[in-house]
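Chain residues, written in single-letter form:
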Amino acid sequence: MITGVLLLDRQVTYKNIINKYVKRIVLAILIFGIPFAILKIVGESKNISIDLVKKTIFAILENDSFAHLWYLYALIGIYLVLPLLHSFTELGEETQKGILVSLFILAFVVPTINSVAGIRIAFNIPFSYPIFYVLLGNYISKKININRNTKIVALIAIAIAVVIIISANILEIHPKEISAYYSPVIVILAISIFILFMGISKECSDKVWKLDRLCFSIYLIHPLFIQFVYRFAKLTPVRFGAYYIVIIGFFVFYLVCSVISAIVMNMIGPLKKNVL
C-alpha cells in the first residue's frame, strides 16, 4: 500500500525502474538471502559440502531462504508492471472501486472459501494479491477523507480483527485461514493500520525520530535473531506457561536486536546507498 502511495502517481521509465528499484531489491536478495539460505541449509542438514553451493543457488531462485523474503520477489514483479498499474490512477472512481472489489473477491474471499470449505473455486488472478494492496494504498490516499472519525473506526476494526484472530486460535476454528495472508480479516487489519499511519499529521511525524529510515533494514535482519533463538537456542514462547505474556518479551528482544542491527547496517556507506 505504501508503494502504491509513493510510486503509482509517478511517471517512471523502465530504465529507471530497473536501475533504481529492481536493482536495489535484487541486491537485497543476494546480500541477505545467500547467507540466510546457507544458515538454513546447514542448520537443517548439519553438514557442509560442495553441494551447498548448488542448494544455495536454488534456494535463492525458489525463494527457499528465510520465508520473510517472499515480499522482495513480489516487489520486483510490482516494479516491473508499474507503468501498467499507473493507468489505474487515471480511471474514474467507480471503475477503481470495481477493480478493487473484484481483486478483493478473487485474491482473498475465494482462497478463504477454498481453504475453509475444502473446495477449489477456479476463478482467480494469480498476481492479484500484491496488486490489490498497491492499488488500494493509492486509492485510500487519494479518495478517503482520513479524519478523527475515520481513525476511531480504524481502531475499532483493529480491535475486532485481533479478537477474531485470537479467538480463532483459542477455539481452534480455522486459525490458519483466519490469520493467513489471503484472509479478509488480515485485509481489514492492514487497511486499518494503514489508515492510522496515513492520518498522522506532518507536524506530529516531524517530531518523531526517523525510525521509518530503518524499517527496511529491520525487515531484512529480524528473522536472523528468531532463527538463532528458535533453531539454535531451542527457545520458543510455547515452552513457557504464560504464553501470551512471554511472547511480548520475545517480541521486545527481537525488536531491540533488530533496531540496533539496523542502525549499524545504515552506517555502512555502500550498503545504505545501494540497498537500504
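Our subject in this report is the structure included herewith. Fair warning: this is a prediction, and the values are worked out from it, not measured in the lab.

Turning to the overall build of the protein, a few remarks are in order. Per the secondary structure count, the protein includes 14 helices and 0 strands. Reading the protein from its N terminus to its C terminus gives the helix and strand order α-α-α-α-α-α-α-α-α-α-α-α-α-α. Computed over its C-alpha atoms, the radius of gyration of the protein comes to 20 Å, within 12% of the 19 Å expected for a compact globule of 276 residues. Expressed along its principal axes, the backbone C-alpha trace of the protein runs to roughly 60 × 50 × 50 Å.

Looking at the element boundaries, Leu27 is found in helix 2 (residues 14-45). Judged by relative accessible area, which is 26%, Leu27 ranks as partly exposed. Between the C-alpha atom of Leu27 and that of Val275, which follows or precedes it by 248 residues, the distance is 6.4 Å. Other than its neighbours up to four places away in sequence, Leu27 contacts Asn274 and Val275.

On to the nonpolar core. Judged by nonpolar contacts, the single largest core of 58 residues is most densely connected at Leu72, Tyr79, Phe216 and Leu220. If one sorts the elements of this core by residue count, helix 2 sits on top with 10 residues. Setting aside chain neighbours within four positions, we find Leu72 in contact with Ile25, Ala28, Ile29, Phe216, Tyr219 and Leu220. Grouped together as the second largest cluster of nonpolar side chains are 6 residues, Ile158, Ala161, Ile165 and Leu189 included.

Attention now goes to the packing of aromatic side chains. For the structure shown, the criterion picks out 16 aromatic pairs. A centroid spacing of 6.1 Å and a plane angle of 55° characterise the contact between Trp70 and Tyr129, whose relative ring orientation is tilted. Highlighted residues: Trp70 in helix 4 (residues 70-80) and Tyr129 in helix 7 (residues 128-143), separated in sequence by 59 residues. Centre to centre, the rings of Trp70 and Tyr181 are 5.2 Å apart; their planes meet at 45°, and the pair counts as tilted. Of this pair, Trp70 sits in helix 4 while Tyr181 sits in the loop between helix 9 (175-179) and helix 10 (184-198), placing them 111 residues apart in sequence. A relative accessible area of 52% places Tyr181 in the exposed class.

It is worth spelling out the side chain of Ser261 at this point. Inspection of the secondary structure puts Ser261 in helix 13 (residues 243-265). Taking the relative accessible area as the measure of exposure, Ser261 reaches 18% and is therefore buried. Among residues more than four places away in sequence, those in contact with Ser261 are Ile221 and Phe225.

To continue, consider helix 2. Along its length, helix 2 reaches its greatest deviation from straightness, about 40°, at Val22. Two residues or fewer after helix 2 comes Lys46, characterised by a positive phi angle close to 55°.

Next up on the list: unusual backbone geometry. One non-glycine residue, Glu172, adopts positive backbone phi at about 55°. Among the secondary structure elements, Glu172 is positioned in the loop between helix 8 (148-171) and helix 9. Residue class for Glu172 comes out exposed when judged on its relative accessible area of 66%. One non-glycine residue, His174, adopts positive backbone phi at about 45°. Among the structural elements, His174 can be located in the loop between helix 8 and helix 9.

Our focus in this paragraph is the environment of Asn47. Here Asn47 shows up in the loop between helix 2 and helix 3 (51-61). Classification of Asn47 as partly exposed rests on a relative accessible area of 44%. Between the alpha carbons of Asn47 and Leu271 there is a distance of 30 Å; along the sequence they are 224 residues apart.

On the surface, Ile247, Ile248, Phe251, Val252, Leu255, Val256, Ile260 and Val264 cluster together to form a nonpolar patch covering roughly 700 Å² of accessible area. The exposure class of Val256 is partly exposed, given its relative accessible area of 42%.

Attention now moves to the packing of helix 2 against helix 4. Interhelical geometry of helix 2 versus helix 4 gives an angle of 175° and a closest axis separation of 10 Å. On the basis of the axis angle, helix 2 is roughly antiparallel to helix 4. Touching Tyr14, Ile17, Ile18, Tyr21, Val22, Arg24, Ile25, Val26, Ala28 and Ile29 of helix 2 are Leu72, Tyr73, Leu75, Ile76, Tyr79 and Leu80, all from helix 4. Residues that form the contact of helix 2 with helix 4 fall into these classes: 15 nonpolar, no polar and 1 charged.

Inspection of the entire model under this criterion finds 5 salt bridges. In this structure, the salt-bridge partner of Lys142 is Asp9, at a minimum N-O distance of 3.3 Å. Of this pair, Lys142 sits in helix 7 while Asp9 sits in the loop between helix 1 (2-7) and helix 2, and the two are 133 residues apart along the sequence. Its relative accessible area of 40% is what places Lys142 among the partly exposed residues. On the accessibility criterion, Asp9 (41% relative accessible area) is partly exposed. One salt bridge in this structure joins Lys55 and Asp51, with 3.7 Å as the shortest N-O distance. Of this pair, Lys55 and Asp51 both sit in helix 3, 4 residues apart, roughly one helical turn. Here Asp51 falls in the partly exposed class, since its relative accessible area comes to 28%. Among the charged side chains, a network of salt bridges with common partners joins Asp51, Lys54 and Lys55.

Definitions and cut-offs
- Residues numbered from 1 in each chain as written.
- Predicted model: local features only at pLDDT ≥ 70, side-chain atom pairs only at ≥ 80, totals over all residues.
- Heavy atoms only, no water.
- Helix = DSSP H or I, 4+ residues; strand = E, 2+ residues; numbered from the N terminus.
- Rg over C-alpha atoms; globule rule 2.2 N^0.38 Å.
- Buried < 20%, exposed > 50% of the residue type's maximum accessible area, 1.4 Å probe, protein only.
- Contact = heavy atoms within 4.5 Å.
- Core = buried A, V, L, I, M, F, W, Y, C linked by side-chain atoms within 4.5 Å.
- Phe/Tyr/Trp six-rings, centres within 6.5 Å; stacked < 30°, edge-to-face > 60°.
- Bend = angle between axes of the 7 residues up to and from the residue.
- Patch = residues over 30% accessible without salt bridge, like charges linked within 9 Å, V, L, I, M, F, W, Y side chains within 5 Å.
- Areas by Shrake-Rupley, 256 points an atom, 1.4 Å probe, with all protein chains shown as cover.
- Salt bridge = Lys/Arg side-chain N within 4 Å of Asp/Glu carboxyl O.
- Axes fitted to C-alpha atoms, helices over the stretch in contact; angles between N-to-C directions.
- Parallel < 35°, antiparallel > 145°, perpendicular 65-115°, else oblique.
- Nonpolar A, V, L, I, M, F, W, Y, C, P; charged D, E, K, R; others polar.

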